[in-house]
Amino acid sequence: MTNIYKLHPWHGVDIGNEAPELVTAFIEIIPSDTVKYEIDKHSGYLKVDRPQKFSNIVPALYGFIPQTYCAEDVAKLNMDSTGRTDIKGDGDPLDILVLTEREITHGDILVRAYPIGGFRLVDSNEADDKIIAVLKNDDVYGQWKDIKDVPVTIINRLKHYFLTYKQMPDKTPTCIIDEVYGRETAYDVIKASISDYHHHYRRN
């Protein structure tokens, strides 16, 4: 019988059989949004998290990869790479930025994307990796196969957003990017987040 209920974007949508090389991404916010939306983990609906601070706008489609989770395995990858000893996963699905030259006018959608790299970001001692991907069949950005193909100006724009999007003038910064990594490392992070998801949300 046809499922008459909306699938939960985190738990009900499949990551795709070709992961980690090609993944499904649920997009929460787009560059024109002046409010940061995020998934309500209980209901699966988008909710308002907060207004975007100051002039910050997300520089790409931004969301998460379904059926992933950032916990022990993702934290271990971070500590193995950085030498840190006090890192834990942030307890959220794995974040993803999807680059496309086409204007997409709203979030709350699913896209298919090729991961090409990512940021090893730490926020208050929590591993909060950001996977960078290109939209499947994108005529311009689809030519990029690895993070080294991306112009440094775009990388800097993405980094600036995450280093400042929570920043208040009178507060100490909490976000640090330890590494900009390439496609193969992005695959490892995705695999670790899938492992964490299966460990914490395994279905009978």
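Described below are features of the structure shown in this document. Since the structure is predicted, the reported quantities are computational estimates derived from the model, not experimental observations. (Residues numbered from 1 in each chain as written. Predicted model: local features only at pLDDT ≥ 70, side-chain atom pairs only at ≥ 80, totals over all residues. Heavy atoms only, no water.)

1. Some words on the nonpolar core
Phase 1: Of all hydrophobic cores here, the largest spans 28 residues; its most connected members are Ile27, Ile96, Val98, Ile131 and Ile190.
Phase 2: The greatest single-element share of this core, amounting to 5 residues, is contributed by helix 3 (residues 183–201).
Phase 3: Of all hydrophobic cores here, the second largest spans 23 residues; its members include Tyr62, Ile155, Tyr161 and Cys175. (Core = buried A, V, L, I, M, F, W, Y, C linked by side-chain atoms within 4.5 Å. Buried < 20%, exposed > 50% of the residue type's maximum accessible area, 1.4 Å probe, protein only. Helix = DSSP H or I, 4+ residues; strand = E, 2+ residues; numbered from the N terminus.)

2. Digging into the pairing of strand 7 (residues 109–123)
Phase 1: Burial analysis of strand 7 places 12 of its 15 residues in the buried class, which makes it a mostly covered element.
Phase 2: Examined bridge by bridge, strand 1 (residues 23–29) and strand 7 share 5 bridges and lie antiparallel to one another. Looking at the pairing, Thr24 lines up with Arg112 of strand 7.
Phase 3: Bridging between strand 7 and strand 10 (residues 175–182) involves 7 bridges; their strand directions are antiparallel. Opposite Gly118, over in strand 10, you have Tyr181 as the bridge partner.
Phase 4: Bridge analysis of strand 7 against strand 8 (residues 126–127) gives 2 bridges, and the strand direction is antiparallel. (Pairing = 2+ DSSP bridges.)

3. Quick notes on the pattern of salt bridges
Phase 1: A complete count under the given rule lists 13 salt bridges for this structure.
Phase 2: Here Lys41 and Asp92 are joined by a salt bridge, their closest N and O atoms 2.5 Å apart. Here Lys41, found in the loop between strand 2 (35–39) and strand 3 (46–51), pairs with Asp92, found in the loop between strand 5 (88–89) and strand 6 (95–99); they are 51 residues apart in sequence, far enough to count as distant.
Phase 3: Relative accessible area serves as the criterion here: at 27%, Asp92 is assigned to the partly exposed category.
Phase 4: Across the pair Lys130 and Asp128 runs a salt bridge whose closest N-O atoms are separated by 3.1 Å.
Phase 5: Among the charged side chains, a salt-bridge network with shared partners connects Lys36, Glu38, Lys47 and Asp49. (Salt bridge = Lys/Arg side-chain N within 4 Å of Asp/Glu carboxyl O.)

4. Focus on the packing of aromatic side chains
Phase 1: One pass over the structure, following the stated rule, counts 10 aromatic pairs.
Phase 2: Summarising the aromatic geometry, the rings of Trp10 and Tyr201 are spaced 5.2 Å apart at their centres and angled 65° between planes, so their arrangement reads as edge-to-face. With Trp10 in the segment before strand 1 and Tyr201 in helix 3, the pair connects residues that are 191 residues apart, well separated along the chain.
Phase 3: The exposure class of Trp10 is buried, given its relative accessible area of 1%.
Phase 4: Taking the relative accessible area as the measure of exposure, Tyr201 reaches 31% and is therefore partly exposed.
Phase 5: On the basis of an interplanar angle of 45° and a centroid distance of 5.4 Å, the ring pair of Phe26 and Phe64 is categorised as tilted. With Phe26 in strand 1 and Phe64 in strand 4 (residues 61–64), this pair connects stretches of sequence that are 38 residues apart.
Phase 6: Look at Phe26 and you get buried, because its relative accessible area is 3%. (Phe/Tyr/Trp six-rings, centres within 6.5 Å; stacked < 30°, edge-to-face > 60°.)

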